[in-house]
Structures are given as structure tokens and as C-alpha cells.
Amino acid sequence: MAKTICYIGDSWTDPLGHTRHWSYIVSDALGTATLNKGMGGQYTEQILARFQSDVVNNHPYGVVILAGGNDYLVANGDNAAAAASAVERIKQMVDMAKAANIIPVLLFYGRVKPTNGELEARMAYTPGFEEALRNYVTSAGLPFYSAWNDAGMFCESHPELYQQDGLHLSDAGDAYYANAMLATVKQGFGIADEEIEASKKKQSRLTMSKLRDLLQRLTLRLQTFWVRLKGQTCRRSSHPTT
């Protein structure tokens, strides 16, 4: 059975409305199963509240955590305190994962440029949050990929990676983000190339087996249909109309 990776977070993790969300692209590349628990609009407090039921109770091999963006979009006044609170909740998620022998990997957002003027103004707070989270993961020795300083994901220069709101990823953005984080996620979960290849071959065999089973069932149904049709034709021919 393939290892399962859980992805938890806010709208950046929520696959709703995406053709092929980055979480599925990553899991496909790693040969792992996907358990997506992204939920749009949530803060770290809400994500932490469901971490036990959505992550720990499902016993995945690893968990990818991407959270805190909404905390900062509504931050007003003491932004350092907002960052500290968000990072503290993420730390609690990491501790819960480790206590359950689930490997945690942390992510951070790309440099968005919201078309909503009020939200764009609040994005000035984000670098402080990214720095606070980076300091934590560095001290804790956690695998971490941040797209914030990846020039290839700056919305201002690469608007094609984002939806019209300038805040969420487009299909092209999903593909870029997945490929950019892949090495970090792969190393963080300790998944070797041989394991990926073996998992993909096994999945291919399972797919072929399912296709053969489907073909056999379709063939049986066609045979049954043909026998019934033939029987009806014979009965009609033995009772000609006058």
C-alpha cells in the first residue's frame, strides 16, 4: 500500500475549483496517496482545532502544513504578536504530528498581489510572518519550502501563476508550486527514488488489473445482452404476425 501524505491548511491547500491541485501533483510525483484537508478561509486557530481529527486520527505517513495566510490578512496593529500567535499554533500542529509519528513538512506562500486594495495593503505584514516561521523551522530543524522569496512566483512579474484575484494559484501556479517544493518534500519525507519507482509500478499494475476487471465485466454484460436479444428474436420468429 502506498504511503499517505496529508495536506492541511487554508485556501491555498483547498483543491476546490482547481483542475489539478498542487497537492495531487506532488503526491503523484512521489508515488504516494493524497489526503487533502485544505479548507478555504481558515485561520491557524481553526486548523489547529481540527488537526487531531483531520490528520492524527487518519494516521498518514506525513503531513504538509501550509497555514497562517489568513491570520496575517486580517492582522491589524500588533503584527509581531499576530506572527507569534500563528507560529505558536503551527508549532503545536508539528508537535501533535511528531507525537503520532507523523513526519511534518512546512510550506509558505508565494508573493501574492491581491487586486483587493485593502488586502494588498495588509500584505506588507507578511514578510514578518515568513521570517518568524523561518526562524522557528530553522531552530527546529524542520523541512521547509517558502515560495515568498522565489522570484519565479512573484505575482507582479508572473501573473499567469495566479487567479484574477492575485491571491490564489491558477493551474499554471499549481504546477510551478508543486515542482518548486518537490525536492524539499521528497527529502523531508525520506522517500527514495527506488521507492517512488516501485510505488508507481505497483499503481500501474493495479490500474491495469482494474481495467482488465472492468473489461471482463463489460464483456459478460454484452454476452448476457446478446443471449437475451437472440432469445427474443427467436421467439418473435416462432410466432409470426398475420
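A brief look at the structure comes next. Just so you know, these numbers come straight off a predicted model, no measurement behind them. (Residues numbered from 1 in each chain as written. Predicted model: local features only at pLDDT ≥ 70, side-chain atom pairs only at ≥ 80, totals over all residues. Heavy atoms only, no water.)

Comments concerning the overall build of the chain
Move 1: For the chain, the count of helices and strands is 9 helices and 5 strands.
Move 2: Each helix (α) and strand (β) of the chain, taken in turn from the N terminus, gives the series β-α-β-α-α-β-α-α-β-α-α-β-α-α.
Move 3: Each of the 242 residues in the chain was classed as buried or not, and the buried ones make up 41%.
Move 4: Roughly 13100 Å² of accessible area belongs to the chain as shown, and the carbon and sulfur atoms make up 56% of that amount. (Helix = DSSP H or I, 4+ residues; strand = E, 2+ residues; numbered from the N terminus. Buried < 20%, exposed > 50% of the residue type's maximum accessible area, 1.4 Å probe, protein only. Areas by Shrake-Rupley, 256 points an atom, 1.4 Å probe, with all protein chains shown as cover.)

Some points on the pairing of strand β1 (residues 4-9)
Move 1: Most of β1 is tucked away, with 5 of its 6 residues classed as buried.
Move 2: Relative to strand β2 (residues 33-38), β1 is paired through 6 bridges, and the arrangement is parallel. Paired with I5 across the strands is T34, a residue of β2.
Move 3: Read from β1 through helix α1 (residues 22-30) to β2, the crossover connection turns out right-handed.
Move 4: As paired strands, β1 and strand β3 (residues 62-66) are joined by 5 bridges and run parallel to one another. What sits directly across from C6, in β3, is V63. (Pairing = 2+ DSSP bridges. Right-handed = clockwise from strand over helix to strand, strands pointing away.)

Quick look at the packing of aromatic side chains
Move 1: As enumerated under the stated definition, the model contains 10 aromatic pairs in all.
Move 2: Ring centres 5.3 Å apart and planes at 90 degrees place the aromatic pair W12 and Y177 in the edge-to-face group. Residue W12 is found in the loop between β1 and α1, and its partner Y177 is found in helix α8 (residues 171-189); the two are separated by 165 residues along the sequence. Each member of the pair, W12 as well as Y177, is classed as buried.
Move 3: The interplanar angle of 75 degrees and the centroid separation of 5.2 Å between the aromatic rings of F108 and Y109 together place this pair among those described as edge-to-face. Each member of the pair, F108 as well as Y109, is classed as buried.
Move 4: Site record: aromatic cluster; members linked through ring pairs are Y7, W12, W22, F108, Y109, F129, Y145, W148, Y162 and Y177. (Phe/Tyr/Trp six-rings, centres within 6.5 Å; stacked < 30°, edge-to-face > 60°.)

With respect to the environment of N149
Move 1: Positionally, N149 belongs in the loop between β5 (144-146) and α8.
Move 2: For the pair N149 and F108, spaced 41 residues apart in the sequence, the C-alpha separation amounts to 9.9 Å.
Move 3: Among residues more than four places away in sequence, those in contact with N149 are R111, E130, R134 and F154. (Contact = heavy atoms within 4.5 Å.)

Quick look at the sheet that holds β1
Move 1: Taken in spatial order, the 5 strands make up an open sheet running β2-β1-β3-β4-β5, and their pairing is parallel. Bordering the open sheet on either side are β2 and β5, each of which pairs with just one other strand. Pairs of neighbouring strands in the sheet enclose a mean axial angle of 20 degrees, with direction left out of account.
Move 2: The strands that helix α5 (residues 79-99) touches are β3 and β4 (103-108); relative to β4, the one it contacts most, it runs at about 155 degrees.
Move 3: Along the sheet, α8 makes contact with β1, β3, β4 and β5, crossing β4 at roughly 155 degrees. (Axes fitted to C-alpha atoms, helices over the stretch in contact; angles between N-to-C directions.)

Considerations on the pattern of salt bridges
Move 1: In total, this model carries 6 salt bridges according to the counting rule given.
Move 2: Of the charged contacts, one joins E130 and R134 as a salt bridge, the two residues approaching to 2.8 Å between their closest N and O atoms. Taken together, the residues E130 and R134, both in helix α7 (residues 126-140) and 4 residues apart, mark about one turn of the helix.
Move 3: Given the relative accessible area of 5%, E130 is considered buried. (Salt bridge = Lys/Arg side-chain N within 4 Å of Asp/Glu carboxyl O.)

Quick look at unusual backbone geometry
Move 1: In this structure, H59 is a non-glycine residue whose phi angle is positive, near 55 degrees.
Move 2: Topologically, H59 is positioned in the loop between α3 (51-54) and β3.
Move 3: For H59, a relative accessible area of 66% gives the class exposed.
Move 4: Its identity as a non-glycine residue notwithstanding, N101 has a phi of 60 degrees, on the positive side.
Move 5: On the secondary structure map, N101 appears in the loop between α5 and β4.

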